[in-house]
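# Chain and residue survey
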Amino acid sequence: MILEKDVVVIGAGPAGLAASIEAAKAGAGVLLVDLNLKAGGQLFKQIHKFFGSRAHYSGTRGYDIGRKLVREAESLKVDVWLQSTAVGVFPGNKVGIERILDGGVKKLYTVHGKAVIIATGASENAVCFKGWTRPGVMGAGAAQTMVNVNHVRPGKKIVMLGSGNVGLIVSYQLMQAGCDVLALVEAAPKIGGYAVHAAKISRAGVPIITSHTIVEALGDEKGTVRGAVIAKVDSHFQPISGTERTIECDTIAIAAGLRPVVDLTRLMNCASVFEPVFGGFIPLHNTDMETSVKGIYVAGDSTGVEEASVAMEEGRIAGTAAAQSLGYLSAAEAGKTKKLLWERVNSLRSGPFGERRLTAEKNLLEHFREEIREPQPEIMIGGLAHGAD
Amino acid sequence: MSSKGIPDDMLVCRCEEITADEIRQAIREGARDVTGVKRRVRAGMGLCQGRICEKFVQQILCQELHMGLVQTGRSTARPPVRPVPFGELARGCGNDL
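Moving on, we come to the pattern of salt bridges. In a structure, side chains of opposite charge can pair up when their charged atoms sit close to one another. Residue and element names in this part refer to chain A. A complete count under the given rule lists 20 salt bridges over all chains for this structure. The closest approach of N and O atoms between Lys25 and Glu22, which form a salt bridge, is 3.3 Å. Of this pair, Lys25 and Glu22 both sit in helix 1 (residues 14–25), separated by three residues, roughly a single helical turn. Residue classification places Glu22 among the buried positions, given a relative accessible area of 15%. Between Lys339 and Glu343 there is a salt bridge; the shortest N-O distance is 3.2 Å. Here the residue Lys339 and the residue Glu343 both occupy positions in helix 8 (residues 331–348), the gap between them amounting to four residues, near one helical turn. The exposure class of Glu343 is partly exposed, given its relative accessible area of 43%. Here the salt bridges share partners, and the residues they tie into one network are Glu22, Lys25, Glu313, Arg316 and Arg344.

And the structure:
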């Protein structure tokens, strides 16, 4: 027997929570699935205050936004399955879910969602240098989870690779947690992230070493990190021999960007493109956030790496559109809401970083209109076409 | 942070312990995309299913064959997208209980 839900939302981060709330508010029965111990995704790692307008929770810390969304979803009777992993999406919108039961036993469930919203977020890019597999080398996001969620310091002496916003913010938060951040190493000739974040690091006396990279993680007798060998790079980002120097540290955190998690949309053969501005391969979507496969929606970082505020708006659009497709909202009601939400997304995509994303998004929407037009109910698995029902 | 010239002895796929040299050897033997490399030397066939190394394999393909990233392709998407133990599959579907 297959369980039935109006809307199945995969991923309970900012996008998935917002999508669930909108769909449930319209009257749809929603199942929200997340593999973590609690809902909220990256919001619970974000101890800093958000920028932007009041509509985008400016001045509020990420975890407070997370709490608010979780409470709202609960009050709307969204069914939340935690420690539950969506392991596949199959023809006809069937979602395979590995769910944990009392006593820690896991079982597989199949849930049919009349609409499925995929909000699986992003994963961290690795960088390979000599010794990159040593214990003590980790993603900046992993280090952030350790200090902000689990209250454990990843190490005492940290070297951060990458000076984008993640590298800058996580360095500062590691310092707040009592770690000694010895240096930020950046391959590009200038700092990648916002000046306001970089200034905080610099004021604390942490050097941001540009045009440099890590060439080796040195290991102690147990093999764990005892130092980072850094070197200057040339204009092609190649290390210049003879410029190496060693920084003694016990942890190397890597902030080399994020890329969308697209396993599930790939499984459904959703049309996708490679768009570096959004972090790599992403599923295309229309203004309903619906992919090329009818009934499959996307929102948040899984359709392009941006910020939590954008993820929430995209989630709201997807939730509204899904509810509309199931008849819970009239075209007029949903249209009005979606128009407002798109205006809010566009307002977030401003400034030198945002404008590139605004242009890229416009091109992707156009691409969808021209190449795909309407989401296709037919999907291909292993070269065979299956009907959606 | 380009890995142009990832050294031959560098571990690229940590799950299957495949070095850059082994990947280059696979390319010399005719691999032309991520799947071709995977079939020859198992890079991307381990627990993480290429989530970490696929990008490195793509970079090596780009350098060796002077091709664009998109042409290197990706490994085939197959369920389950996260590891599921056989015992769990044997336990049957939770829906039926």
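Of the residues in chain B, 94% have a pLDDT of 70 or more, and the chain-wide mean is 90. Reported confidence for the predicted complex is 0.90 by ipTM and 0.92 by pTM.

Now for the sheet that holds strand 9 (residues 157–161) of chain A. All names here are of chain A. A sheet is described by the order of its strands in space; here five strands give the open sequence 8-15-9-10-11, paired in parallel fashion. Looking along the sheet, the strands with just one partner apiece sit at the ends: strand 8 (137–139) and strand 11 (208–209). As paired elements, strand 9 and strand 15 (residues 251–254) share four bridges and run parallel to each other. Note that in strand 15 the partner of Leu161 across the bridge is Ile254. Packing against the sheet, helix 4 (residues 165–176) makes contact with strand 9, strand 10 (180–185) and strand 11, and its axis sits at approximately 170° to strand 10.

Turning next to a positive patch on the surface. Residues and elements named next belong to chain A. A cluster of basic side chains, namely Lys49, Arg61, Lys200 and Arg203, defines a positive patch on the protein surface. Along the chain, Lys200 falls in helix 5 (residues 195–203). By relative accessible area, which is 35% here, Lys200 ends up partly exposed.

Time to look at the side chain of A:Ser163. Residues and elements named next belong to chain A. By the element assignment, Ser163 lies in the loop between strand 9 and helix 4. Exposure remark for Ser163: the relative accessible area of 0% places this residue in the buried category. Side-chain polar atoms of Ser163 contact the side chain of Glu186, separated by 2.7 Å. A polar contact is formed between the side chain of Ser163 and the backbone nitrogen of Gly192, at a distance of 3.0 Å. Discounting chain neighbours no more than four positions away, the residues touching Ser163 are Leu168, Leu184, Glu186, Lys190, Ile191, Gly192, Gly193 and Ile208.

What follows deals with the pairing of strand 18 (residues 280–283) of chain A. Residues and elements named next belong to chain A. Looking at chain direction, strand 17 (residues 272–275) and strand 18 are connected through four bridges and run antiparallel. Residue pairing for strand 18: Val273 is matched across the bridge by Ile282. In this structure, the hairpin formed by strand 17 and strand 18 is closed by a connection of four residues, where Gly279 is found at a positive phi of approximately 100°.

Turning next to the interface of chain A and chain B. Each side of the interface is counted separately: chain A has 38 residues, and chain B has 36 residues. Summed over both sides, the interface between chain A and chain B buries roughly 3400 Å², with carbon and sulfur atoms accounting for 60% of that surface. Broken down residue by residue, the surface that chain A buries against chain B is led by A:Leu108, A:Trp132 and A:Arg266, which jointly contribute 19%. Across the salt bridge formed by B:Arg82 and A:Asp263, the nearest N and O atoms sit 3.3 Å from each other. Secondary structure elements with two or more residues in the side of chain A that touches chain B: strand 4 (85–90), strand 6 (106–118) and helix 6 (263–267) of chain A. Among the elements that make up the side of chain A that touches chain B, the one with the highest residue count is strand 6 of chain A (five residues).

Moving on to the pairing of strand 5 (residues 94–100) of chain A. Residue and element names in this part refer to chain A. By the bridge criterion, five bridges tie strand 4 to strand 5 in an arrangement that is antiparallel. Looking at strand 5, one finds that Val89 is bridged to Val95. Following strand 4, the chain reverses through three residues before pairing antiparallel with strand 5; Gly92 in that reversal takes a positive phi of roughly 80°. Both strand 5 and strand 6 contribute to a ladder of seven bridges, which runs antiparallel. Across the sheet, Gly96 pairs through a bridge with Thr110, a residue of strand 6. Counting the residues between successive antiparallel strands, the hairpin from strand 5 to strand 6 contains five residues, one of them, Gly103, with a positive phi of roughly 90°.

For the rest of this paragraph, the subject is the sheet that holds strand 12 (residues 212–219) of chain A. Residues and elements named next belong to chain A. Read across the sheet, three strands follow the order 12-13-14 without closing on themselves; strand pairing throughout is antiparallel. Only two strands of the sheet have a single partner each, and these edge strands are strand 12 and strand 14 (245–248). Along the sheet, successive strands turn relative to each other by an average axial angle of 30°, direction set aside. Here four bridges tie strand 13 (residues 225–232) to strand 14, and the two strands are oriented antiparallel to one another. When the sheet's bridge partners are listed, Val229 is paired in strand 14 with Thr246.

Conventions and cut-offs
Residues numbered from 1 in each chain as written. Chains lettered and ligands numbered in written order. Predicted model: local features only at pLDDT ≥ 70, side-chain atom pairs only at ≥ 80, totals over all residues. Heavy atoms only, no water. Salt bridge = Lys/Arg side-chain N within 4 Å of Asp/Glu carboxyl O. Helix = DSSP H or I, 4+ residues; strand = E, 2+ residues; numbered from the N terminus. Buried < 20%, exposed > 50% of the residue type's maximum accessible area, 1.4 Å probe, protein only. pLDDT = per-residue confidence, 0-100. Pairing = 2+ DSSP bridges. Contact = heavy atoms within 4.5 Å. Axes fitted to C-alpha atoms, helices over the stretch in contact; angles between N-to-C directions. Patch = residues over 30% accessible without salt bridge, like charges linked within 9 Å, V, L, I, M, F, W, Y side chains within 5 Å. Areas by Shrake-Rupley, 256 points an atom, 1.4 Å probe, with all protein chains shown as cover. Lys, Arg positive; Asp, Glu negative; His and termini not counted. Charge placed at Lys NZ, Arg CZ, Asp CG, Glu CD. Polar contact = N/O pair within 3.5 Å; in protein donor to acceptor, adjacent residues only side chain to side chain. Buried area = accessible area lost by both parts, 1.4 Å probe.

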